[in-house]
Amino acid sequence: MADRHAIAAGCGHGLSDKSLLLFGSLCQLLLLLQAAALSFQYDFSIPGVLDRANLVYINDSFSAGDRISLSNMSDNSVGRVAYAQPVRLWDCRTGAAASFATSFSFAIVGNHSSTRGDGMAFFVGPFPATMPWESGAQYLGLYTNQNLMGSPPTVAVEFDTFWNSNLDPPGVADHVGIDVNSIRSANYTRDLPSLGLYGTMSANITYDAGSRMMAVSIRLADGSIHGVQTSVDLRAAGLPQEAAVGFSASTGGFFESHQLLSWAFNSTDMAAGNPNSTDTAGAGGNLITLLIS
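As a convention, each chain's residues are numbered from 1 in the sequence order in which they are written. Owing to the predicted nature of the model, reporting of local features is limited to residues with pLDDT of at least 70; listing and counting of side-chain atom pairs is limited to 80 or more, with chain, interface and lining totals taken over all residues. Hydrogens and water are ignored here; the side-chain numbers use all heavy atoms of the structure.

**With respect to unusual backbone geometry**
- Put simply, phenylalanine 127 and proline 128 share a cis peptide bond, and its omega is -5°.
- Under the DSSP-based scheme used, a helix requires at least four consecutive residues in state H or I and a strand at least two consecutive residues in state E, with every element numbered from the N terminus. Along the polypeptide, proline 128 turns up in the loop between β8 (119-126) and β9 (155-160).
- Despite not being glycine, asparagine 76 has its phi angle at roughly 55°, a positive value.
- The residue leucine 140 is not glycine, and still its phi comes out positive at about 55°.

Here is the structure:
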């Protein structure tokens, strides 16, 4: 979008008072749109919702009827799905930053053994979303192989199902981690049961721009609830004002199925603190409630 001062300089000259008033109102509207919140909710089990969802599929991800498959049920597969519009995280003019919350249900199935992998993740990164090169297997479609260069700034929550001795926490197999520009998690769960990330699960992720705190809660298939949080400044982490949000998954030598069943997302309006631009994709306007009590 063109800079508002450039617009005024180029278009305001020679306008009548009435036209200038109209032009000023248009500029105010453009500024409000720039700061607008992003809100959408998808329950893919409702017929037609997935077909109308405003999503972008990357690499091996695909629509699978009432769910999204993020990767193939085969070795060395990697995929992403992202919302087709960006979320505005911060405003360089005012210094304001947006908070957000996202809830989703998902399933990891197909191989309930130690020879499975590698996991899936929710990510916030550059818009439009692309697949980082050499980001399969233990890198979960998030970051380029650590021995190479070129990973874009990305903050993510990983649901890791395979222990990699050179990257993952010692003695911790299945875990939920918060990643800040690195597959080595800034913080992670330490209490998930062995092979716990399996079956149908639900998760909440909240980011509070004031405290710069990201918090994650997950309900496992057995009903147990686990959580992790860490402090992260999204702007300092290199994320752009307009960011992509979505999910990624990968397999390596071992594999499993990574499925997204529903997704709700809401960010705050930096101008007014109120959500708008709601996209329900025919979900009947009913908020998908996955929040863990």
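Next, the rest of the story.
**So, the confidence of the model for the chain**
- When pLDDT is averaged across the chain, the result is 83; 78% of the residues are at 70 or more.
- Predicted confidence is poor over residues 1-15, with pLDDT under 50, and the contacts of this stretch with residues over four places away or in other chains come to 14 contacts.
- Per-residue confidence from the predictor is given as pLDDT, running between 0 and 100. Contact criterion: two residues are considered in contact whenever any of their non-hydrogen atoms come within 4.5 Å of each other. The low-confidence segment residues 273-278 (pLDDT under 50) makes 14 contacts with residues lying over four places distant or belonging to another chain.

**With respect to the pattern of salt bridges**
- When a carboxyl oxygen of Asp or Glu lies within 4 Å of a side-chain nitrogen of Lys or Arg, that pair is called a salt bridge. The final tally for this structure, using the stated rule, is 7 salt bridges.
- Three or more residues are tied together by salt bridges with common partners; here these are Arg88, Asp91, Arg93 and Glu242.

**Section: the packing of aromatic side chains**
- Planes of paired rings set the category: under 30 degrees apart is stacked, over 60 is edge-to-face and the rest tilted, where pairs are Phe, Tyr or Trp rings (Trp by its six-membered ring) whose centres lie within 6.5 Å. In total, this model carries 16 aromatic pairs according to the counting rule given.
- For the ring pair phenylalanine 40 and tyrosine 83, a centre distance of 4.0 Å and an interplane angle of 10° mean the geometry is stacked. Taken together, the residues span a long stretch of sequence, with phenylalanine 40 in strand β1 (residues 39-43) and tyrosine 83 in strand β5 (residues 78-83) at a distance of 43 residues.
- Relative accessible area serves as the criterion here: at 1%, phenylalanine 40 is assigned to the buried category. The classification of residues rests on relative accessible area computed with a 1.4 Å probe and restricted to protein chains. Under 20% of the type maximum is buried, over 50% is exposed, and intermediate values are partly exposed.

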